[in-house]
Amino acid sequence: MSKLIITLYFVSASLVAGCGSETTTIPDPTSDAASPSGTSTTPPTGVTAGIPNGTCSFTLVDGTTKTRWEGTARPRMNGTGNLLVNCLPKSGDDSRAELHFGNATFDGPRTYKGDELSSDGSFRYDNGTRNGDYDGNTKGASCTLVLAEAKLDPSKNEVPRGERIAGTFTCTAIVSSSDKATPKSYVVEDGKVAGLVEP
């Protein structure tokens, strides 16, 4: 009887020790492993890492005609909650472009969208002619701006001076408000922007 008691004690002690030695790793809720789909909600920085500071470029599509526009990006905070990027032409012509990340909604890296109902993100292009003002926030227009790089200050709605921002953008259409505009609209492809925030 005493041998049976000793044997039972030894087996039960081994089982307790076995359970106690098992470890379980709880995934970080912010990591990719914690996401049900296994994808991160944080925009990737790899897509913009190679874009040099001062870059603003995009392709204007009018039917089968594609025109590459390249200029210089000059980003700055335009009040609280709005990152404004002015794009000045390198060629010295009168064309220019403008990007807005947020409309009092700027909060760093994420996707900003704009159309006739929303101006969370916007893109405007002026080809330098009297009737050449095209906007991504008018009827029939729509733009998607993906900000991948932006270091926020403690308020979480501004980027400090001298810090880099970078992103990509596309528009299914930017539309002119003028009936005399030719063409009436453009598609915008392969938009890239990067620069250091100015005062």
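Residues numbered from 1 in each chain as written. Predicted model: local features only at pLDDT ≥ 70, side-chain atom pairs only at ≥ 80, totals over all residues. Heavy atoms only, no water.

Caption draft 1: Geometry of the overall build of the protein chain. Looking only at helices and strands, one finds one helix and ten strands in the protein chain. N-terminal to C-terminal, the α/β element order of the protein chain is α-β-β-β-β-β-β-β-β-β-β. Split into buried and exposed, the 199 residues of the protein chain put 36% on the buried side. Looking at the protein chain alone, contacts between residues at least 24 apart form 56% of all its contacts between residues at least 6 apart. (Helix = DSSP H or I, 4+ residues; strand = E, 2+ residues; numbered from the N terminus. Buried < 20%, exposed > 50% of the residue type's maximum accessible area, 1.4 Å probe, protein only. Contact = heavy atoms within 4.5 Å.)

Caption draft 2: Structural detail: the pattern of salt bridges. This model, assessed by the stated rule, comprises ten salt bridges. With a closest N to O distance of 3.4 Å, Asp190 and Arg68 form a salt bridge. Of this pair, Asp190 sits in strand β10 (residues 185–196) while Arg68 sits in strand β2 (residues 65–77), and the two are 122 residues apart along the sequence. For Asp190, a relative accessible area of 40% puts it in the partly exposed group. Looking at Arg68, the relative accessible area reads 33%, which means it is partly exposed. Put simply, Arg124 and Asp135 hold a salt bridge, and the shortest N to O gap is 3.3 Å. Remark: Asp135 occurs in strand β7 (residues 133–135) and Arg124 occurs in strand β6 (residues 121–126); sequence separation between them is eleven residues. (Salt bridge = Lys/Arg side-chain N within 4 Å of Asp/Glu carboxyl O.)

Caption draft 3: Inspection of the nonpolar core at higher detail. Counting 31 residues, the largest nonpolar core has Phe58, Leu99, Phe101, Phe106, Phe123, Tyr125 and Ile174 as its most contacted members. Only β1 (55–62), β2, β3 (83–89), β4 (96–101), β6, β8 (142–150), β9 (164–176) and β10 provide two or more residues apiece to this core. Setting aside chain neighbours within four positions, we find Ile174 in contact with Leu60, Phe123, Tyr125, Tyr134, Asp135, Gly136, Ala141, Cys143, Lys184, Ser185, Tyr186 and Val188. (Core = buried A, V, L, I, M, F, W, Y, C linked by side-chain atoms within 4.5 Å.)

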